[in-house]
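Single-letter residue listing:
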Amino acid sequence: MMGKKHYTLCIAGNPNSGKTTLFNALTGAKQHVGNWPGVTVEKKEGTVEFEDFTFTLIDLPGIYSLTAYSLEEVVSRDFILRERPDLVINIVDATNLERNLYLTTQLLELGVPMILALNMMDEAEKKGFRIKVPQLEKLLGIPAVPMVASRGIGTQDLLNTVKKFLNGEIQISPRRPTYRREIENAVKDLEAALRTHLPGEFQKKYPPRWLALKLLEQDEEIIGKIKRNATDSDAILRRVDAEIEKITSILGDDPETLIADQRYGFASGAFKETVRMLLKDRINLTDQIDRVLTSRILGIPFFLLIIWGSFQLTFTLGNIPMNWISDGFNFLGTLFSHWITIPWLKSLVVDGIIGGVGSVLVFLPNILILFLIIALLEDTGYMARAAFISDRVMHFFGLHGKSFIPMVIGFGCNVPAVMATRVLENNKDRVITILVLTLMSCSARLPIYVLFAGAFFPKHAGNVVFSIYLLGIVLAIVMARIFRVVLFPGESAPFVMELPPYRLPTFKGLMIHMWDRGAMYVQKAGTVILAGSMLIWFLSSYPAHPRLSADYARLFHQETARHERVLAQIAREAHVPAGQLTTYPPFRQYDEAYEAFHRRSQELLKKQCALTSAASVLKHTLEGIQSHYPNTLPIYQAYRQEMTRYQEAMGRLRARLAAEKASKSYAGRLGKFVAPVLHPLGFDWRNTIALISGLVAKEIVVGTMGVIYKVGDAKNEGEKLMESLRKNMTPLTAYVFMVFSLIYLPCIATIGVIRRELNSWKWTLFSASYTTVLAWIVSFIIYQGGRLLRLG
Amino acid sequence: METDNLKPLSELLPGEKGVIRKMRTKGAIRRRLMDMGFVGGATVEFEKTAPLGDPMEILVKGCHVSIRKEEARNVLIEVTPS
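This structure is a prediction, so every number in the text was calculated from the model and none was measured.

Scoring rules and cut-offs
Residues numbered from 1 in each chain as written. Chains lettered and ligands numbered in written order. Predicted model: local features only at pLDDT ≥ 70, side-chain atom pairs only at ≥ 80, totals over all residues. Heavy atoms only, no water. Helix = DSSP H or I, 4+ residues; strand = E, 2+ residues; numbered from the N terminus. Rg over C-alpha atoms; globule rule 2.2 N^0.38 Å. Areas by Shrake-Rupley, 256 points an atom, 1.4 Å probe, with all protein chains shown as cover. Lys, Arg positive; Asp, Glu negative; His and termini not counted. Charge placed at Lys NZ, Arg CZ, Asp CG, Glu CD. Buried < 20%, exposed > 50% of the residue type's maximum accessible area, 1.4 Å probe, protein only. Contact = heavy atoms within 4.5 Å. Polar contact = N/O pair within 3.5 Å; in protein donor to acceptor, adjacent residues only side chain to side chain. Patch = residues over 30% accessible without salt bridge, like charges linked within 9 Å, V, L, I, M, F, W, Y side chains within 5 Å. Salt bridge = Lys/Arg side-chain N within 4 Å of Asp/Glu carboxyl O. Core = buried A, V, L, I, M, F, W, Y, C linked by side-chain atoms within 4.5 Å. Buried area = accessible area lost by both parts, 1.4 Å probe. Pairing = 2+ DSSP bridges. Axes fitted to C-alpha atoms, helices over the stretch in contact; angles between N-to-C directions. Parallel < 35°, antiparallel > 145°, perpendicular 65-115°, else oblique. Left-handed = near helix turned anticlockwise from the far one by under 90°. Nonpolar A, V, L, I, M, F, W, Y, C, P; charged D, E, K, R; others polar. Domains from an automatic or database assignment. Phe/Tyr/Trp six-rings, centres within 6.5 Å; stacked < 30°, edge-to-face > 60°. Lys NZ or Arg CZ within 6 Å of the ring centre and 35° of its normal.

1. Concerning the overall build of chain A
Scanning chain A for helices and strands turns up 34 helices and 10 strands. Against the 2.2 N^0.38 benchmark of 28 Å for 792 residues, chain A shows a C-alpha radius of gyration of 35 Å, more extended than a compact globule. For chain A, the C-alpha atoms occupy an extent of roughly 120 × 60 × 55 Å along the three principal directions. Counting every atom, chain A has about 37,100 Å² of accessible surface; 61% of that belongs to carbon and sulfur. Charged side chains in chain A number 88 positive and 71 negative. The centres of these two groups are separated by 6 Å.

2. A few points about the overall build of chain B
A tally of regular secondary structure across chain B gives 2 helices and 6 strands. Put simply, chain B runs from its N terminus to its C terminus through helices and strands in the order β-β-α-β-β-β-α-β. Expected size for 82 residues packed as a compact globule is a radius of gyration near 12 Å; at 12 Å, chain B falls within 12% of this value. Viewed in the frame of its principal axes, chain B has a C-alpha envelope of about 35 × 30 × 20 Å. The buried share among the 82 residues of chain B stands at 59%. Within chain B, counting contacts between residues at least 6 apart in sequence, those at least 24 apart form 58% of the total. Just so you have it, chain B exposes about 3,400 Å², and 49% of that area is on carbon and sulfur atoms. Across chain B, 14 positive and 12 negative side-chain charges occur, with their mean positions spaced 5 Å apart.

3. Brief notes about the side chain of A:Ser441
Residue and element names in this part refer to chain A. Counting through the fold element by element, Ser 441 comes out in the loop between helix H20 (427–437) and helix H21 (446–456). Judged by relative accessible area, which is 1%, Ser 441 ranks as buried. Separated by 2.8 Å, the side chains of Ser 441 and Tyr 449 make a polar contact. Apart from the residues within four sequence positions on either side, Ser 441 is in contact with Gly 410, Phe 411, Tyr 449, Tyr 469 and Leu 742.

4. Side note on a nonpolar patch on the surface
A surface patch of nonpolar side chains, amounting to about 700 Å² of accessible area, comprises A:Phe466, A:Leu470, A:Ile473, A:Val474, A:Val478, A:Ile482, A:Val485 and A:Val486. Summarising the element assignment, A:Leu470 is placed in helix H22 (residues 461–486).

5. What about the nonpolar core?
A general trend in soluble globular proteins is that nonpolar side chains are found buried together. Residue and element names in this part refer to chain A. Counting 100 residues, the largest nonpolar core has Phe 452, Met 705, Leu 725, Phe 737 and Ile 743 as its most contacted members. No other element matches helix H32 (residues 731–743), which puts 9 residues into this core. Apart from the residues within four sequence positions on either side, Leu 725 is in contact with Leu 451, Phe 452, Phe 456, Met 705 and Tyr 709. Formed by 91 residues, the second largest nonpolar core is a distinct cluster that contains Phe 50, Phe 53, Ile 91 and Phe 266.

6. What about the interface of chain B and chain A?
Across the contact, 34 residues belong to chain B and 44 residues belong to chain A. In total, chain B and chain A occlude about 3,600 Å² of area from one another, counting both sides; carbon and sulfur atoms represent 53% of this. On the chain B side of the contact with chain A, B:Arg31, B:Arg32 and B:Arg68 bury the most area, a combined 21% of that side's loss. Scanning the region where chain B abuts chain A turns up 4 salt bridges.

7. Considering the environment of A:Thr772
All names here are of chain A. Mapped onto the fold, Thr 772 is located in helix H34 (residues 761–788). Distance in space between the C-alpha atoms of Thr 772 and Tyr 744 is 4.2 Å, their sequence separation being 28 residues. Residues within four places of Thr 772 in sequence aside, it is in contact with Tyr 744 and Leu 745.

8. Things to note about the sheet that holds strand E8 (residues 144–146) of chain A
All names here are of chain A. On the basis of which strands lie adjacent, the open sheet formed by 7 strands has the order E2-E3-E4-E1-E5-E6-E8 and mixed pairing. Across the chains shown, the open sheet's two edge strands, defined by having one partner strand only, are strand E2 (31–35) and E8. For this sheet the average axis-to-axis angle between neighbouring strands, irrespective of direction, equals 25°. The sheet contact formed by strand E5 (residues 87–93) and strand E6 (residues 114–119) spans 6 bridges and is parallel.

9. Focus on the pattern of salt bridges
All names here are of chain A. Following the criterion strictly, the structure yields 39 salt bridges over all chains and no others. Here Glu 45 and Lys 43 are joined by a salt bridge, their closest N and O atoms 3.8 Å apart. Relative accessible area serves as the criterion here: at 25%, Glu 45 is assigned to the partly exposed category. With a shortest N-O distance of 3.2 Å, Glu 123 and Arg 503 are connected by a salt bridge. Of this pair, Glu 123 sits in helix H4 (residues 121–127) while Arg 503 sits in the loop between strand E10 (497–498) and helix H23 (507–541); the two residues are 380 residues apart in sequence, bridging distant segments of the chain. Shared partners join several salt bridges into a network, and the residues in it are Arg 77, Asp 78, Arg 82, Asp 219, Glu 221 and Lys 225.

10. Let's talk about the packing of helix H14 (residues 299–339) of chain A against helix H16 (residues 364–380) of chain A
All names here are of chain A. At their nearest, the axes of H14 and H16 sit 7 Å apart, and the two run at 150° to each other. In this view, H14 runs roughly antiparallel relative to H16, as classed from their interaxial angle. Crossing of H14 against H16: the hand is right-handed. For the pair H14 and H16, the contacting residues are Ile 306, Ser 310, Leu 313, Thr 314, Phe 315, Leu 317, Gly 318, Asn 319, Pro 321, Met 322 and Ile 325 in the first and Pro 365, Asn 366, Ile 369, Leu 370, Ile 373 and Leu 377 in the second. Looking at side-chain class alone, the contact of H14 with H16 contains 12 nonpolar, 5 polar and no charged residues.

11. Focus: the domain arrangement of chain A
Interface extent is often summarised as the accessible area lost during association of the parts. Parsing chain A into structural domains produces domain 1 (5–166), domain 2 (181–251) and domain 3 (552–653). Put simply, the middle of domain 1 of chain A and the middle of domain 3 of chain A, counted by C-alpha atoms, are 80 Å apart.

12. A short note on the pairing of strand E4 (residues 56–60) of chain B
All names here are of chain B. Of all 5 residues that make up E4, 4 are buried, and the element is covered over most of its length. Counting the residues between successive antiparallel strands, the hairpin from strand E3 (residues 43–49) to E4 contains 6 residues, one of them, Gly 53, with a positive phi of roughly 95°. Here E4 pairs with strand E5 (residues 63–67) via 5 bridges, running antiparallel. Residue Met 56 lies in a different strand from E5, and its bridge partner there is Ile 67.

13. With respect to helix H29 (residues 685–693) of chain A
Burial analysis of H29(A) places 7 of its 9 residues in the buried class, the great majority of the element. For H29(A), the N-terminal capping position is held by A:Asp684, with its side-chain oxygen 3.1 Å away from the main-chain nitrogen of A:Arg686.

14. Some thoughts on the packing of aromatic side chains
In this description, an aromatic ring pair is defined by two values, namely the gap between the centres and the angle between the planes. Residue and element names in this part refer to chain A. Evaluated as defined, the whole model comprises 31 aromatic pairs over all chains. Three or more aromatic residues joined by ring pairs form one cluster here, namely Phe 452, Phe 456, Phe 683, Phe 737, Phe 740 and Tyr 744. We note Arg 385 situated over the ring of Tyr 502; from NZ or CZ to the ring centre the distance is 4.2 Å. It is Lys 672 that lies over the ring of Trp 685; its NZ or CZ is 4.5 Å from the centre.

15. Notes on the side chain of A:Asp219
Mapped onto the secondary structure, A:Asp219 falls in the loop between helix H9 (208–216) and helix H10 (220–229). When near neighbours in sequence (up to four residues on either side) are disregarded, A:Asp219 contacts A:Thr67, A:Ala68, A:Arg77 and A:Lys214.

16. Things to note about the pairing of E5(B)
In terms of burial, E5(B) is largely enclosed, as 5 of its 5 residues are buried. Side-chain alternation along E5(B) places B:Cys63, B:Val65 and B:Ile67 on one buried face and B:His64 and B:Ser66 on a second face that is also buried.

17. A look at the sheet that holds E10(A)
Spatially, 7 strands are ordered E10(A)-E5(B)-E4(B)-E3(B)-E2(B)-E6(B)-E1(B) in an open sheet, and the strand pairing comes out antiparallel. In this open sheet, the two strands that pair with only one neighbour each are E10 of chain A together with strand E1 (6–8) of chain B. Summarising the sheet, E1(B) and strand E6 (residues 75–79) of chain B pair through 3 bridges and their orientation is antiparallel. Looking at E6(B), one finds that B:Leu6 is bridged to B:Glu78.

18. Observations concerning unusual backbone geometry
Cis geometry is adopted by the peptide bond preceding B:Pro55, which originates at B:Asp54 and carries an omega value of -10°. Positionally, B:Pro55 belongs in the loop between E3 and E4. Of note, A:Glu51 is a non-glycine position whose phi angle comes to about 45°, a positive value. Here A:Glu51 is to be found in the loop between strand E3 (42–50) and strand E4 (53–59). For B:Lys61, which is not glycine, the phi dihedral falls at a positive 50°.

Here it is, written out as C-alpha cells:
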C-alpha cells in the first residue's frame, strides 16, 4: 500500500457509447452512486487499483455536447474545468464515430489532457469499418486505445496508456479546430478583453479562448458567469453582441451555427481521413428487429405486451418475497411483544420501529425487480423505442414519450414509479410526470374501494371501482396539461432522441444498476419513510392514558367476575371442581362431536348436499355420550352459551376501548380538529381519522375504519364493518370517500421518494398540497352535486 | 425564393433522402438538433413514422434519431433525386 500514487480520472462520452460498461469493467463493485451537489444529476464514483496507482474514477453523465442545453452538460464541463481531473477518458462508439467525434472536438477545446477510448471495435469491424488508429491519434493529438468494454478487451491497454502519461513517458497535446477568419478575429479580441477583466483564479479554471467562443455561441450559463466575475462585464457583453452582429452580416449566419458547423467539419474531416468502409448498406440486426418492434402494425401490440409483462413481473413475482418480508416482520413483532413487558416500550418497538422498518423494506422486492426490468429495457435499447411509440399520446397530454412507463408502474405502486422517472432527461418533464403519476391509483388504495364498493354498491362494485380508476387517469391528463401551461410556460422540451442500436446488456451492468437503486431506496427514502411512520405511530398511540368516559378496567373486571360466577354455578350442577370444566370428560366429548358435525356439514355444503346425514350422526353421538353421563347435555349447552357470551362481551369492550383511545389520541384530536374542513364533503370525524392514518400507507385506512367503528375481533369482521358503515354513511358519502382516497396526498413512502428524486422540498410540498386541495375540490363537486340531484 | 426547391423534413416521403439546407428554429431546440447531427450540409434519410403517425425516425450521420413532426417542420431539405 505504501507509496501508491493517487490520481483522479473521469470518463466522458455520448449516451449509448458504453460509458457505464467501461466504468463497471474498470471499477468492478468498488463504486458508489450519489448526486452532483445541488442537482439531481447522478454522480458515479469508483476506485481502480492498477500497479502502483490508485485512481479515483468519475463517470460523467452521458452527453452529446458541451453547451448549456442540459444540466448534465453543465455538470460535465464544470467538473472538467473546475476540478481538473488528471486525465479525461473520452469514450466513443466506433460504429458511430462521426457523430461521437463532435463531443470529442468540444472536449479537445477545453485543452485538458485526454485519451480516446475507441469502444465497440468488434461491431465496427463487423459493420465494415477499418479505422486507422495512428492516423486518428495524429489528427486529434491524443492517444487512442481500441477496445471492447463489454468483454473487458483493451481495458489493460487503456490503463497502461494512462500510466505512461502520468509517468511522463508520453506527451498529450490536444489539437483543436480553427474557425473562419472572422470568428477567429472576434475570439482573439474577446480573449484579450477577458484576460484583463477576469480574476487570475478564474482564468486558471476557465480558459479565456474557450470562454470567448462560448460567449459568441450565446451560452446563457457562461454569460451569467461573466456577469458575476468580470469587471466591466457590461462592456464585454456589448462587445460580444457587436461581434455577433458583424459576423452574422458578413457570413450570413450566426456564430452559434457557424461554430457548430465547423466542429462537425473537424469531426467529419477526422472521420473521413481515418475510416474506410469495406462493405456498404449491409442490412444490420437493429434494422431487422425494428422492422417488427416499431412497425405500424405490430409495434403497438408488442409495446403493450412488454409493458404488461413488466407490470406482471414486478407485482406478481414481487409479491412473493413481499409476503415473506411482511410475514417475517410480523413474526419479529410477535417475538418482541412476548419479550418486552413494558407496554410503551413494546408499542414503540413493535408498532413503531418494526412496523416502520417493515413498511420500508416491504417494497424492496418490487423495486429490485422493476429496476432490473428498466435496466434491461434501457440497456437493450428498447426504452427509446417505447418512448418513440408512445410519444404521440403522451405529447397530447403535455408529457413525454418516456413518461409512459412510470405512469403505468404507478398503478402498481407510486414509489417505484417515481423512481422510474429517472429515464426522463428533461427536468420539467420529470416534475410534471411525478406530480401527476400519484393520481394513478396504486394497489394499496384498492382495499378501500373493495370495502366501500362492496358495502354500498354490491351489484355494481366492479363498475364503481373502475370509475375511480378512470377518474384518476382523466385527472392526470387534465392536471398534466394545466401544469405544462401554468408551471412551465414557453416552449416544451424538444423530442429529439437517439434510437440506439439494439445491444445485449451485460449481466454485471444489470446487477450493478439494480443494486444501486435498491440501496439508494433503502438508505435515503428509508429515513424519511421511517421517521414519518414513527410520527404517525406516535400520534395515534399517544397520549397512552387519555381520560376515558368509563373505567374500563372495572368493566373488564366486572364481566370476568360475572363469568366466573356463572361457571362456578355450572360446575356445581355438573358436580365438578370449578377449574376443571374444560377437561371434564363428557364436555370434551360433546366438543368433539359438535366439531365433527361442523366439519362434516362444511364438506356437505361445499358439495351442496343436504345435512341430514351429518345431523343424524350428531344425534346418535350425543345420545351415546348421554347414556354414559346422564343429564349432562343441558349443562354443557349452558356452558357453551356462557363461553360465547363472555368472549363477545370482552371483544365489544376491547373494541370500545380501542375506539375511544383512537378518538382521544393526538391523531383522533387532529381528526376532530380537521373534521369541519371535510364536513362540506359529507365526512365526519371518523372518516377524517381514517384518512389521516392513510398517510402512512393507504391500506391502513381500512384497518383504522375497523378500529373506529368498534368492530372488535369477531370472526366476520369484514361483514360487520360493512354493516356499521352502511348505518353511518350514505352511498354518496361512500363514493366521495373513495374519490378523496384516490386523490389526496400519496402515502409517506411516496412523499419520501419524491423528496429524494426531485431533491427539492418545494416540489415535494407542492405535490402533497395540490393533491389534497384537488381531492377536496373534486369531492366537494361530487358531494354537493349529488345532493342537489338528491342522490344523498 | 430560396425555399423554392426546399422541403420541410416533416414532408419527406418514407425512404426519401436529402441534404439539410436551412434551419428555421432558435434556442434550445436548434441547439439540440445541432448536437444530434442536424447541421447544414448533413445528409438525412426519412426511415418511417411511429405507429401512431408521429414522431418520425430519421437517419442522420449514421444515427437513428426520433424527432416530432412539429420540430421537423423547421428543418428545410433539398431532396436528393433517387
